[in-house]
Every structure is written in structure tokens, then in C-alpha cells.
Amino acid sequence: MLNLSKPTAKEENYRFFSATRELVVDRTPVVVEQGKPPRLEALLALQEGEHAVILLRGGRAAAVVAGALPVGVTMERLKEGFAAGAFAKEYYAAHALESAKAPLLLIARGTGSVTAVVRIVHWFDEASLVDHKHVQVVVGDGASLQLVEEMVSDESAAAVTAAVAPAVSALTEISVAAHGRLSYFSVQNYGPAVRAALRLECRVEEGARAEVTPVIRGGDFTQLWIEGFCVGKESHIEVRGALRLATTQWAEIISVLHHPAAHSSSHQEYATAASGRSRVSFSGNIIIPRSGRHVEADLRNRNLLLSRDAEINTNPKLEISTADVKCAHGATVSSVSPDQLYYLQSRGISLKDAEEMIVRGFSEPTLARLPTAALRERAMAAFERLS
């Protein structure tokens, strides 16, 4: 089985080199071939409420394929992010893979609210078996951005029968400067054969706020590793995730928020519904060192078992090294109540539809956060197909 466990420091040093050297993003326009998969064609259409769609496909450079970037949002050279002081900060390091093209770098500048959405489509051609995506996002002082990363694949029949499972890794690094605002949404809907390692690193400065919404539906195995750092006074990170697993799917969630700055706050909440013989492992943590006085943070993990063979392991933790903080953590694991099913069936609703309604009600508070109606409909349809 492919080992996608959390890398060690030695492995990190081997895989990455310092990104302080100049790296230039290849700006060669992407030529989307004729006869591209219909699923990709539909995803590249600009939806109501969206400002731009960016395509990341294979080893090609990123390019805007629909709409245009909002005023103040640019795709730039990696070194310009360092010049702006976005990456050279304590508790945060940006990396670029030696073996990959320079990463996609988005920089949001200026003040005022950006209500339109920028959506990045990560398209994985499963027949290629291996892919890596790397995105870096900088939200400048007082700037704001709504960003979606939608991860999908072609569900290649060849990949399903291949001796080696297709594998994809995606690294997203986010820096939100003082009083900046970021709403970030990650929707993973890979084909059933894909094994995915997804990592998000998020750093927020004084008075800044980052709202993170990860949604996981597809893939054979998914590891989602989120690590956030509140490094400024009154900084805030909020993570609300939803997972829906079925058949023999397996997911591992690692969610850790650090509070080195005093008077910072965070909220983590994950909702997981598991059926079939799927497995979910959740490890959440809030880490507050001595410098993190007057921190308010909480961590919740809600789980819904839809079959006797599904398995959920949850381990929420707190690591607090100072006094005068307000923290809470907890987890629940429950099954669908027979009374709920009986009530719905007595109203003429089939067992399958009743289960779908219960899953929808369980996941909808998170899915409702997705910024466009089209994205919400795709996510909900994917969840319901597994019921």
C-alpha cells in the first residue's frame, strides 16, 4: 500500500529546496486540446458569481481559461511574493518542488471586499498515474479574496485496472497579511482509484482572518493535512470540513492549529458520514505555547456511521503551555436512528431516499458555505450518489 503518512523533517529537507532563490512562473498560455473530456469542459465554464477560472493540468503552466482575474489579483513571479515580505516570516516557509514547474502564485493587493470568486480547477489525467499541484496564495495588507480549488479527474478505466494506483499530491501555501481576509474552499472529487495527499499551510497576521472549507468525496485514499498559524494579535482561523465516504474508501485527516500570538482565536469543526466498509481517521490538535495568552480556540469532530462495517477513529487533542486561555474540544460518533428512518418511510419515502435526506441534513451546514450555487450543487450531488 502506498505510504502517504506525514513526512519527517528529513524527508521534507530532501524533497524541497529553499524558495528564496528566484523562480519564474511559466506564463506560456495553456492550449486546451480539442476533444478534452466532457467533464473538464463543463468545469471550465464560468459560473454565476465567479470572476475567473484557472486551469492546472499535468505539467502545463497555469492559465486563466475563463473570465479574468479581479482587480488587484495577479499571477506573479515567486520572488515578488518574497519582496512583499509575504513568505520570509517566522513559523512559515514557502517551498518549490525541484522536480516540478514553478508553482502557481496568486497575490491579492488593495483594500475592499472581493465578492467574486476565483476558481482553480486541478485536473488529473489518471492515465498519467502521478501528478503534483503546488499553489501559493498571498493576501496583502487589508486585501481580501475568495478562492476555490476544485480537484477532479477523468476516472480513467485504464487507471482502475492498472497495477499501480494513480497518485496525486497537492500543496497549497497561504499567507494572509495584517487585516487581510481570505475565504478558501477545497473540493476533492477524484475518481475511485486515486490516492491523494493534500496539504494546506495557512499563516495569518495581526487582525487577519482565514476561513477554510475542505470538502472530500472522491478517491480511494485521501490524506488531508491542514496546519495553521495565528501569528498576530486578534488573528483568526476557522476550519469547517465535510467528508462523505462509501464502499472501501479510506481518509486520514490531520488538522493542527498553532497559536503563538496572544489574543488570537480559532475554530475547527469536521463532519464525516461513512458507509459501506469505509474508514476514517481524524487527528485534531490545538497547540498554544507560553506566548499564546488570552487565546480562544475550540475543536469539534462530528461523525455519522451509515453501516455496521464502516469505521471511524477520532482523536481531538489540546496542547496548552500557558494559563488564561479558553479552549474546548470534543468528538461524537453516532449512527442513523431507526426512529428517524421509520418516520421518513412512514411518509412514503424510500429507505435510500430517507438515508440521503439524513446525510444531506448532516452535511448541508458545511456545503452551504461553498460560494456559488453550481459548486454547492456539484458537491451535494456527489455526496448523495454515495448514499
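Residues numbered from 1 in each chain as written. Predicted model: local features only at pLDDT ≥ 70, side-chain atom pairs only at ≥ 80, totals over all residues. Heavy atoms only, no water.

### A short note on helix α6 (residues 351–367)
Consideration 1: Over its 17 residues, α6 runs 23 Å from end to end, which matches the ideal 24 Å to within 8%, given 1.5 Å per residue.
Consideration 2: Maximal helix bending in α6 amounts to about 35°, located at G361; proline P365 follows within four positions.
Consideration 3: Along α6, the residues that are buried comprise A354, E356, I358, V359, F362, S363, T366 and L367.
Consideration 4: Two to three positions downstream of the cap, the backbone nitrogen of D353 sits 3.2 Å from a side-chain oxygen, assigning the N-cap of α6 to S350. (Helix = DSSP H or I, 4+ residues; strand = E, 2+ residues; numbered from the N terminus. Expected span 1.5 Å × (residues − 1). Bend = angle between axes of the 7 residues up to and from the residue. Buried < 20%, exposed > 50% of the residue type's maximum accessible area, 1.4 Å probe, protein only. Polar contact = N/O pair within 3.5 Å; in protein donor to acceptor, adjacent residues only side chain to side chain.)

### Digging into the sheet that holds strand β9 (residues 144–153)
Consideration 1: What the ten strands build is an open sheet, ordered β3-β2-β7-β9-β11-β13-β15-β17-β19-β21; its pairing is mixed. Two strands bound the open sheet, and with one partner strand each, they are β3 (63–67) and β21 (326–335). Taken pair by pair, the neighbouring strands of this sheet meet at an average axis angle of 10°, ignoring direction.
Consideration 2: As paired strands, β9 and strand β11 (residues 181–189) are joined by nine bridges and run parallel to one another. Across the sheet, the residue bridging to L145 is L182, located in β11.
Consideration 3: Contacting β13 (209–216), β15 (236–245), β17 (265–274) and β19 (296–305), α6 runs over the sheet at an angle of about 155° to β15. (Pairing = 2+ DSSP bridges. Axes fitted to C-alpha atoms, helices over the stretch in contact; angles between N-to-C directions. Contact = heavy atoms within 4.5 Å.)

### Section: the sheet that holds strand β6 (residues 104–108)
Consideration 1: Pairing in this open sheet of nine strands is mixed, and the strands run β4-β6-β8-β10-β12-β14-β16-β18-β20 from one edge to the other. Of all the strands in the sheet, just β4 (73–75) and β20 (311–320) have a single pairing partner and so form its edges. Within this sheet the neighbouring strands show an average axis-to-axis angle of 10°, counted without direction.

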